[in-house]
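# Residue-level structural notes
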Amino acid sequence: MSLGWNEILLILMVVLLLFGGRKIPELMRGLGKGIREFNDAKNNVRKEIEEGINEKERPAATASTTTSTTTQP
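What counts as what
- Residues numbered from 1 in each chain as written.
- Predicted model: local features only at pLDDT ≥ 70, side-chain atom pairs only at ≥ 80, totals over all residues.
- Heavy atoms only, no water.
- Helix = DSSP H or I, 4+ residues; strand = E, 2+ residues; numbered from the N terminus.
- Areas by Shrake-Rupley, 256 points an atom, 1.4 Å probe, with all protein chains shown as cover.
- Salt bridge = Lys/Arg side-chain N within 4 Å of Asp/Glu carboxyl O.
- Patch = residues over 30% accessible without salt bridge, like charges linked within 9 Å, V, L, I, M, F, W, Y side chains within 5 Å.
- Lys, Arg positive; Asp, Glu negative; His and termini not counted.
- Charge placed at Lys NZ, Arg CZ, Asp CG, Glu CD.

This paragraph deals with the overall build of the protein. Helices and strands together make up the secondary structure of the protein, namely one helix and zero strands. Of the roughly 7000 Å² of accessible surface on the protein, 64% is carried by carbon and sulfur atoms.

Quick look at the pattern of salt bridges now. Enumeration over the complete set of coordinates arrives at one salt bridge. Residue Lys 23 is joined to Glu 26 by a salt bridge in which the shortest nitrogen-to-oxygen separation is 3.8 Å. With Lys 23 and Glu 26 both in helix α1 (residues 5-71) and three residues apart, this pair spans about one turn of that helix.

Let us now look at a negative patch on the surface. Together, Glu 48, Glu 50, Glu 51 and Glu 55 line one region of the surface with negative charge. One can find Glu 51 in helix α1.

Remember, this is a structural readout, not a statement about activity or role.
Structure (structure tokens):
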């Protein structure tokens with residue numbers, strides 16, 4: 001079930017009546033800050049997970065290279 005233009009227009013009119021013309025920009029600014037903070041937190045979690053995976057793979061790779069160089073005369 002999708003919204004048509006009439007329903008969207010009605011919702012916008014109700015929001016305008018409830019909050020007024022002066023409060024809507026403040027609400028949108030707050031919504032934008034919230035979305036930005038959410039995206040930053042999401043990117044930080046993704047970065048930490050990728051760093052953890054890289055750290056887990058790194059010791060195994062360095063151990064194999066050090067043993068190969070020490071065993072050769």
